[in-house]
Amino acid sequence: CIRDSGSPLEDRQALLLDISHAEASPLPWGFDRTPSSDSWGWDSTDLEWEASLDGHVAVLRLQDDWDPAVLLASLEEGGWTRRDHRYGSTYGIDPAQMSGEQRSDESMWWIAISSDERTFVLSPIDMGRQVLRTAARADPDEVVASPFGRVATALDRPVAAVIRGGASGCSGTGAEQALLPDGAATLVEAVGPLGSYQAFGAGYERAGTGDPAVGRYVFAYRRRAQAEADLAGRRRLVEEGVSTYGIPYREVSFTLTDSRVSSRQLILEVAPALDRPGHVFDQLPPRLALIAVCG
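Rules used throughout
- Residues numbered from 1 in each chain as written.
- Predicted model: local features only at pLDDT ≥ 70, side-chain atom pairs only at ≥ 80, totals over all residues.
- Heavy atoms only, no water.
- Helix = DSSP H or I, 4+ residues; strand = E, 2+ residues; numbered from the N terminus.
- Buried < 20%, exposed > 50% of the residue type's maximum accessible area, 1.4 Å probe, protein only.
- Contact = heavy atoms within 4.5 Å.
- Areas by Shrake-Rupley, 256 points an atom, 1.4 Å probe, with all protein chains shown as cover.
- Phe/Tyr/Trp six-rings, centres within 6.5 Å; stacked < 30°, edge-to-face > 60°.
- Arc of directions from axis to C-beta.
- Pairing = 2+ DSSP bridges.
- Axes fitted to C-alpha atoms, helices over the stretch in contact; angles between N-to-C directions.

Student: Could you give an account of the overall build of the protein chain, naming the residues involved and the relevant values?
Tutor: The secondary structure content of the protein chain amounts to twelve helices and eleven strands. Looking at the 295 residues of the protein chain, the share that counts as buried comes to 45%. At a minimum sequence separation of 6, the contacts of the protein chain that also span at least 24 residues come to 60%. Accessible area of the protein chain: about 14900 Å², with a carbon and sulfur share of 50%.

This is how it looks when you write it as structure tokens:
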């Protein structure tokens, strides 16, 4: 049974290859870190979960039985400078002191490690300490009640997901509509103006091993009435929409299976074509203009 980076390399590679064929990850760390266990003491099979903040900060949670000794020794021997603080330790290095292989991976220039040595924050600049501090001080109830928290709750227990602020897909001015192909622009005009939302999420889950993927798009609004007013229009964008290649979603990407308003969230569920959940993320910014359009 393959559980972590202690398993044979060939078995780990085969496992991640199988996963990459059946599942989808919008994050860069998902399926490409098997060889790193030799030098860093971990790879993708050691992860409990991973997240990306603003596209350039990676947060990794390692399994509880993972041993950090190899990583800590590699950092000390490789020239990283350690600074301890209330929420853990931060390791930083001058890129000029790194080997060519190490220097090419900017995400490892700064590494913040939580006090329990299970959560890492990786970034090309010193941001990890701030991320750990913010997480430790956050009020769980306030996080859940925030637009991002409401989207995360509506996504339920996704295999993979992306959550972004409303401005990333909806400027509120309608300016992004200029990026739409002719067919999509015509559909948006026919649907009529759609309201602004606070946050947006996309993800998918499976009820069990071998069960079909269920894709989900979630829009968090300030008020329930706004979500209800937009429901028919956003449902139509999925049912009649076209991909960036001008082909209808229902032919190459996904088909709508359910649409509803729950509290202040508008939820659209889709069945990915050929049960390939990557289709759920194919239309994300900058290619999400049609699904997320407003104004």
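Student: Would you mind going over the packing of aromatic side chains in detail, with residue names and values included?
Tutor: Counted by the stated rule, this structure contains eight aromatic pairs. Ring plane angle 70° and centroid distance 6.3 Å describe the contact between Tyr-197 and Tyr-221, whose orientation is recorded as edge-to-face. Residue Tyr-197 is found in the loop between helix H8 (182-191) and strand E8 (199-205), and its partner Tyr-221 is found in the loop between strand E9 (214-220) and helix H9 (224-240); the two are separated by 24 residues along the sequence. Pair check on accessibility: Tyr-197 and Tyr-221 agree, each one buried. One aromatic cluster is present, formed by Tyr-197, Phe-200, Tyr-217, Phe-219, Tyr-221, Tyr-249 and Phe-254 through successive ring pairs.

Student: Hey, could you go over H8 for me, with residue numbers and the actual values?
Tutor: The set of residues buried in H8 consists of Ala-184, Leu-187, Val-188 and Val-191. Summarising the axial view, the buried residues of H8 lie within an arc of 100°, below the 170-degree limit, and thus occupy one face. Exposed and oriented more than 90 degrees from the buried face of H8 are Asp-182, Thr-186 and Glu-189. Downstream of H8 by one or two residues, Gly-192 has phi in the positive range, about 95°.

Student: Residue-level account of the sheet that holds strand E3 (residues 81-85), with values.
Tutor: Spatially, the six strands line up as an open sheet ordered E1-E2-E6-E5-E4-E3, and their pairing is antiparallel. Each of the sheet's edge strands pairs with one partner strand only, and the pair in question is strand E1 (47-53) and E3. Strand-to-strand twist across the sheet, computed as the mean angle between neighbouring axes with direction ignored, equals 20°. The sheet contact formed by strand E4 (residues 88-92) and strand E5 (residues 110-114) spans five bridges and is antiparallel. Within the sheet, the bridge partner assigned to Tyr-91 lies in E5 and is Ile-111. Sheet strands in contact with helix H3 (residues 69-78) are E3, E4, E5 and strand E6 (119-123), and its direction is about 140° off that of E5.

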